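Residue-level structure breakdown
If you want the building blocks of each chain, they are given just below.
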Amino acid sequence: MKTLKDAEFQGKTVLIRVDYNVPLDEEKNVTDNLRIVSTIPTVDYILECGAKVVLCSHLGRPDGQPKPEFSLRPVAEEAARVFEEEVVFADDDEVVGEKTLAMLEQFKKSDARIMLLQNTRYRAEEEANDPEFSKQLASLADVFVMDAFGAAHRAHASTVGVADYLPTYAGLLMADEVKYLGELLEEPHRPFTVVMGGSKVSDKIQVFRNLLKKADSIIVGGAMAYTFLKAQGYNVGISKVEADKLDLANEILELAKEKGVEFYLPTDCSGSTEFSNDTPKVSYAYNEMPDDFMGLDIGPETQAKYKEVLKNSKTIVLNGPMGVFEMENYTDGTIAVLEGMALAKDAVKIVGGGDSAAAVSQFGYTDDMTHISTGGGASLKLMEGKLLPGVKVCL
Ligand code: AMP
């Protein structure tokens, strides 16, 4: 991959595709600025080389229309706070219209170093990866840097199309994501343990298939564990199950056997009679769950076992929570796994984005991890062993 170190930025204008698709509250305040903070290394590096930076991103789904509720203005304000300097916001409904072009001229003459374009999805041509829109974006700069890992699995004008018209490099965030979720998993330090959790097996089938080729152990928790247990013929009561994925679950178990991968399913489960934190919590062995039981977390015996396996691992990938960690009664399983990761002192520990990243931060394990991915869908695709379109343009 071509990275920033390969590029010449002095005196240039650099278009950086970032992923500033951040959550906003009703008053349009940014409630989590991690995605902005994560771009500091790339932006700083380029600014320090003596370049000016034009940032672009999408936000939400305005469906190709300039809908004010999807404006990047609040993001520009937050970015100015994060970078501690002026961020010129090109509030142009056409994204790259007359207004932006005029502002760019001014910007180049001014002391300001950072400019942010309006939501790229204000234009329908963005998601269509339209060459004309790609050209317009490219016309703003001399170099393109792709640092929007969270959008790298989508071939849009601002993530892929623009690279046809400008020299293109991977930003530092992209380079890190590819290093940890891609390259490192090709040659992991062993034993290599993968923790699979979350709600659905179906979302993660390809991740299972790819990592089964590389892992020594796979640990399963979350709702997906009940699909596996049911596939094995056990009663799981009213736990969440993907009834049409039982064959697939058995196929994965077979594959694990074939590859000699240790496959751990919960030996006990905690839960209740409803999807609620207010009804009493009970635990059952995997083969003793009653008809009115809903499994909402891995049980205490499983927690201890999983912690032990993790403690002795040298590479760990966490891919989904062990239970409904949003409810106070069902945080233990996820915390046990995080604790196991923390205890694996010299291991490489990678967190695969989305809910897992939220749990790591919520329970205070951020400093114990080697890499926390900023992407959801993109992290999954990389762990599936795919070459993402937004990575390909940096090769
Ligand atoms: P995912 O988006 O697939 O990573 O799934 C994360 C979600 O799975 C979280 O919101 C959890 O609350 C949920 N989850 C985990 N375990 C269970 C369970 N046993 N039953 C229902 N939902 C679960």
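The rules behind these values
Counting from 1, residues in each chain are numbered in the order their sequence is written. Totals for whole chains, interfaces and linings use every residue, but because this is a predicted model, local features are given only for residues with pLDDT of at least 70 and side-chain atom pairs only at 80 or more, for both listing and counting. Excluded from the side-chain calculation are hydrogens and water; included are all heavy atoms of the structure. The pairing criterion is simple: DSSP has to find at least two bridges between the two strands. Segments assigned H or I by DSSP are reported as helices when at least four residues long, segments assigned E as strands when at least two residues long, and all are numbered from the N terminus. Structural elements are reduced to axes, namely lines fitted to C-alpha atoms, with helices fitted over the stretch in contact, and the angle between N-to-C directions of any two is expressed from 0 to 180 degrees. We call a residue near a molecule or strand when any one of its heavy atoms sits within 4 Å of it. Any N or O atom pair separated by 3.5 Å or less is treated as a polar contact, with the protein-specific requirement of one donor-capable and one acceptor-capable atom, and with residues adjacent in sequence counted only for side-chain atom pairs. Per-residue accessibility takes into account occlusion by the displayed protein chains alone, with areas from the Shrake-Rupley method and a 1.4 Å probe. Any Lys or Arg side-chain nitrogen located within 4 Å of an Asp or Glu carboxyl oxygen qualifies as a salt bridge. Under the scheme applied here, a residue whose accessible area is under 20% of the maximum for its type counts as buried, over 50% as exposed, and between as partly exposed, the area being computed with a 1.4 Å probe on protein chains only. Exposure above 30% relative accessible area and the absence of a salt bridge qualify a residue for a patch, where like charges join within 9 Å and nonpolar side chains (Val, Leu, Ile, Met, Phe, Trp, Tyr) within 5 Å. Each angle gets one of four labels, with under 35 degrees taken as roughly parallel, over 145 as roughly antiparallel, 65 to 115 as roughly perpendicular, and the rest as oblique. Note on definitions: a residue-residue contact is assigned when non-hydrogen atoms from the two residues lie within 4.5 Å. When residue character is reported, Ala, Val, Leu, Ile, Met, Phe, Trp, Tyr, Cys and Pro are called nonpolar, Asp, Glu, Lys and Arg charged, and the others, Gly included, polar. With the strands pointing away from the viewer, any crossover whose connection runs clockwise from the first strand over the helix to the second is right-handed.

1. Points about the sheet that holds strand β12 (residues 294-298)
The strand order across the open sheet formed by 3 strands is β11-β10-β12, and the pairing between neighbours is antiparallel. Only two strands of the sheet have a single partner each, and these edge strands are β11 (282-285) and β12. Put simply, the sheet's adjacent strands are angled 45° from each other on average, direction ignored. Here strand β10 (residues 268-272) pairs with β12 via 4 bridges, running antiparallel. Residue pairing for β12: Ser 272 is matched across the bridge by Met 294.

2. Side note on the site of the ligand
Near the ligand lie 14 residues; those nearest to it are Ser 199, Gly 295, Gly 323, Glu 326 and Asp 355. The separation between an oxygen atom of the ligand and a polar side-chain atom of Lys 204 is 3.3 Å. In the model, an oxygen atom of the ligand is placed 3.1 Å from a nitrogen or oxygen of the Asp 355 side chain. Protein chains bury 82% of the 510 Å² of accessible surface belonging to the ligand in isolation.

3. A short note on the pattern of salt bridges
Applying the stated criterion across every chain, the model contains 18 salt bridges. For Arg 209, the salt bridge identified is with Glu 251, shortest N-O distance 3.0 Å. Placement of the pair is Arg 209 in helix α8 (residues 205-212) and Glu 251 in helix α10 (residues 246-259), with a sequence separation of 42 residues. Among the residues examined, Glu 251 registers a relative accessible area of 40% and is labelled partly exposed. In this structure, the salt-bridge partner of Lys 281 is Asp 332, at a minimum N-O distance of 3.5 Å. With Lys 281 in the loop between β10 and β11 and Asp 332 in helix α12 (residues 332-343), the pair connects residues that are 51 residues apart, well separated along the chain. What makes Lys 281 partly exposed here is its relative accessible area of 36%.

4. Notes on a nonpolar patch on the surface
Side chains of Met 1, Leu 387 and Leu 395 sit close together on the surface and give an oily, nonpolar patch of about 290 Å² of accessible area. You can see Leu 387 is positioned in the loop between α14 (377-383) and α15 (389-392). Classification of Leu 387 as exposed rests on a relative accessible area of 52%.

5. A closer look at the packing of helix α9 (residues 224-231) against α10
It is the contact of α9 with α10, at a shortest axis distance of 8 Å, that shows an interaxial angle of 85°. The angle between the axes of α9 and α10 places the two elements in the roughly perpendicular class. Residues Thr 227, Phe 228, Lys 230 and Ala 231 of α9 touch α10, and the partners they reach there are Leu 246, Ala 249, Asn 250, Ile 252 and Leu 253. Considered class by class, the residues forming the contact of α9 with α10 number 6 nonpolar, 2 polar and 1 charged.

6. Details of the pairing of strand β7 (residues 192-196)
On any regular strand, side chains alternate: one points to one face of the sheet, the next to the other face. With 5 of 5 residues buried, β7 lies mostly within the body of the structure. Two strands pair when backbone bridges link them, and β7 and strand β8 (residues 217-220) are joined in this way by 4 bridges, in the parallel orientation. Residue pairing across strands places Val 195 opposite Ile 219, the latter belonging to β8. Running through α8, the crossover from β7 to the neighbouring parallel element β8 is right-handed.

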